[in-house]
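Coordinate inspection notes
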Amino acid sequence: MGDDNGHTSNDGPTTKRRGFLAATGAAGVASIAGCSSGGGGGETTTPPKDVEPASEINFISESTPPSVAIKGIVDEFQKQTGITVNMTLVPFNNYSEKIASDLTSKSGNYQAFYVDPYVVGAKYYPYIQSLDPFINSDDWADVPKGVNDFIDSHLDACGRYGDGRLRAFPYDCPTMMWVYRDDIINKYKEQAEKDLGFPFEPGPERTWQEYFEMAKWMNENVDEVPYGTGHQAKQHDSLQCDFHNVFWAHGAEDFTGYNGKPGDEVPKSDKITPTFAETGVGAAEFYKNLIDIAHPGSTTWTWSGVGQAFAQGKIAMCPEWHEFNAMFTNPDQSQVADKVSWSLLPQGDKRSANIYGGSGIGINKFASDAEKKAAWKFITWATSPEIQLRILKKTGGTPTRNSVYNMEEVKQAAQASSEESQYPNVVPPSGRRGRTATSVSVRTSRSGRNSTRSSTRRSRR
């Protein structure tokens, strides 16, 4: 995470980082949040005591590792509770369009859903049921191990929006890191360092300019891959994710005082001043030059496309979400399974910024009380420590609970190299061969505790 906290704005009243979400998308929705509901409900403030859960609900999500794993075991939930969950897993754009339509029409057709913080949470949080009344109720099922078992920073990043209420439980937590072919780095290290004049070794001590030079050198000198780097630079949410790593590393700000770090403050929505300025222009010019020497497929790739390119041996390195490590190290899915290492991303003029993309899981405000109760049972089950461990085992999804990281088998897995670890996604990042990215890199607090690992903007993978 960032290394400087407590930025202040000179333009009037400010909010902490959560205010960024409200300021950039939710104000218009908030003004109509009190209108009558459509599908059968409204904001529940006092959970009814005598309601029985509905026998069937619908859940929609981007097709992420946790949701893929949940779909594979959701029949177990039905056997335990008698509740059928119809799961719809679709690409990111389809998911965001479908849930936005459902919420704005107040239909309540998807009673539980994946809450991407920017395209859903920031814009539509008044339409997402606050979970606080259910947490505090003696008549609804308890959250396994309690809400405090969730990592604090994830609760803030994935669950709370403009009004501070908890509206989603942390569900996934990928971070963008620097993945690279360690066989290529090791083979060409001596010659590359002689030609380039700096260590041919990935890590946050490298600069983005050195990353550019490494990639260009590999284009011209490496036989194993056609291109040194690739990027998720399609006109898509992936583009802003990839670019923000460079943008923030150079000290650029989205708004005055906001550089993607914990503790950054932005003005209230009526006081916002965009500050792309000279540093932002310089970052954009550098990023364009980087894309010009990258694999030409980069401008057609989202996170999935660049991930497949790396796994297929088309590029030597790239910024990518760490949850792809499960695919990269699987010989059935990857041609480079025994050649993968990770590190933090390069630094710019100010720091190394590694964008964090966690999301939550929540309940539709416009569901009926019976549907909300069924959805509550589902989201507490889907985010329970037991299920998070099973997701880690099954698809490489990364836990958001402290208790999972404290399990002995997970602690042991974190000590091994990625090719030897039972759960490679929990192995900490380093420049050594076989070490990979981990959610440890985002187990951080908005207050600044343990804030040396990555930036914390919540963007989608």
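The structure reproduced in this document is the subject of the present report. Here the structure is a predicted model, which means the values were calculated and not measured.

1. Here we look at the overall build of the chain
Looking only at helices and strands, the chain features 16 helices and 11 strands. Here the chain, with 461 residues, has 61% of them falling under the buried criterion. In the structure as shown, the chain presents an accessible area of about 17,100 Å², 45% of it carried by carbon and sulfur atoms.

2. A word on the packing of helix 2 (residues 65-81) against helix 13 (residues 369-382)
At a closest axis distance of 11 Å, the pairing of helix 2 and helix 13 adopts a crossing angle of 125°. Between helix 2 and helix 13, the angle is such that the two are oblique. Relative to helix 13, helix 2 is oriented so that their crossing is right-handed. Of helix 13, the residues touching helix 2 (which contributes Ile70, Ile73, Val74, Phe77 and Gln80) are Ala374, Lys377, Phe378, Trp381 and Ala382. The residue makeup of the contact of helix 2 with helix 13, split by class, is 8 nonpolar, 1 polar and 1 charged.

3. Re the packing of helix 2 against helix 14 (residues 385-395)
One can describe the packing of helix 2 onto helix 14 by two numbers: an axis separation of 9 Å at closest approach and a directional angle of 115°. On the basis of their axis angle, the class for helix 2 and helix 14 is roughly perpendicular. Of the two elements, helix 2 crosses helix 14, and the hand of that crossing is right-handed. Mapping the contact onto sequence places Pro65, Pro66, Val68, Ala69, Ile70, Gly72, Ile73 and Glu76 in helix 2 and Ile387, Arg390, Ile391, Lys394 and Thr395 in helix 14. Taken together, the residues that form the contact of helix 2 with helix 14 break down as 8 nonpolar, 2 polar and 3 charged.

4. Some thoughts on the sheet that holds strand 4 (residues 112-115)
The strand order across the open sheet built from 5 strands is 3-2-4-11-5, with neighbouring strands paired in mixed fashion. Either end of the sheet is taken by a strand with one partner, and the two such strands are strand 3 (84-90) and strand 5 (169-172). Across the sheet, the mean angle separating the axes of adjacent strands is 25° when strand polarity is ignored. Pairing geometry for strand 4 and strand 11 (residues 359-363), over 4 bridges, is antiparallel.

5. Some remarks on the nonpolar core
With 114 residues, the main nonpolar core has Val120, Phe169 and Phe378 as its most contacted residues. Leaving out residues up to four positions away in the same chain, Val120 has contacts with Tyr95, Ile99, Leu103, Phe113, Val115, Tyr125 and Ile128. Ranked by size, the runner-up nonpolar core spans 10 residues in total, among them Tyr405, Val410, Tyr423 and Val426.

6. What to know about the layout of surface pockets
Volume-wise, the largest pocket comes out at about 750 Å³. Together, 35 residues line the largest pocket, and Pro65, Glu323, Phe324, Met327 and Thr395 are the ones closest to its centre. Listing elements by their share of the lining of the largest pocket, those giving two or more residues are helix 2, helix 3 (92-104), helix 11 (303-311), helix 12 (325-328) and helix 14. Of the residues forming the lining of the largest pocket, the biggest block, 4 residues, is contributed by helix 14. Of the residues in the lining of the largest pocket, the class split is 13 nonpolar, 16 polar and 6 charged.

7. Details of the pairing of strand 10 (residues 340-343)
Burial along strand 10 is two-sided: Val340 and Trp342 and Ser341 and Ser343, pointing in opposite directions, are all buried. In the sheet, strand 6 (residues 176-181) pairs with strand 10 via 4 bridges, with the strands oriented antiparallel. Across the sheet, the residue bridging to Val179 is Trp342, located in strand 10.

8. Looking at the sheet that holds strand 6
With mixed pairing, 4 strands are arranged side by side in an open sheet as 7-9-6-10. Each edge of the open sheet carries a strand with a single partner, namely strand 7 (227-229) and strand 10. Averaged over neighbouring strand pairs, the angle between their axes works out to 25° when direction is ignored. On the sheet, helix 8 (residues 208-221) packs against strand 6, strand 7 and strand 9 (315-321) and is oriented at approximately 145° with respect to strand 9.

9. What to know about the environment of Tyr211
Following the sequence through the fold, Tyr211 ends up in helix 8. By relative accessible area, Tyr211 is classed as buried at 0%. Sequence spacing of Tyr211 and Glu201 is 10 residues, and the spatial spacing of their C-alpha atoms is 9.6 Å. Setting aside anything within four residues of it in sequence, one finds Tyr211 in contact with Trp178, Thr229, His231, Leu290, Met317, Cys318, Pro319 and Pro346.

10. Description of helix 11
Of all 9 residues that make up helix 11, 7 are buried, and the element is covered over most of its length. Along helix 11, the residues that are buried comprise Trp303, Gly305, Val306, Gly307, Ala309, Phe310 and Ala311. The positive-phi residue at the C-terminal boundary of helix 11 is Gly313, with phi of around 75°.

What counts, and where the lines are drawn
Residues numbered from 1 in each chain as written. Predicted model: local features only at pLDDT ≥ 70, side-chain atom pairs only at ≥ 80, totals over all residues. Heavy atoms only, no water. Helix = DSSP H or I, 4+ residues; strand = E, 2+ residues; numbered from the N terminus. Buried < 20%, exposed > 50% of the residue type's maximum accessible area, 1.4 Å probe, protein only. Areas by Shrake-Rupley, 256 points an atom, 1.4 Å probe, with all protein chains shown as cover. Axes fitted to C-alpha atoms, helices over the stretch in contact; angles between N-to-C directions. Parallel < 35°, antiparallel > 145°, perpendicular 65-115°, else oblique. Left-handed = near helix turned anticlockwise from the far one by under 90°. Contact = heavy atoms within 4.5 Å. Nonpolar A, V, L, I, M, F, W, Y, C, P; charged D, E, K, R; others polar. Pairing = 2+ DSSP bridges. Core = buried A, V, L, I, M, F, W, Y, C linked by side-chain atoms within 4.5 Å. 1 Å grid on protein atoms, 1.4 Å probe; cavity = no way out; pocket = protein on both sides within 12 Å on 5 of 7 lines; lining within 4 Å. Points joined across faces, edges and corners; volume = space filled by probe spheres on them.

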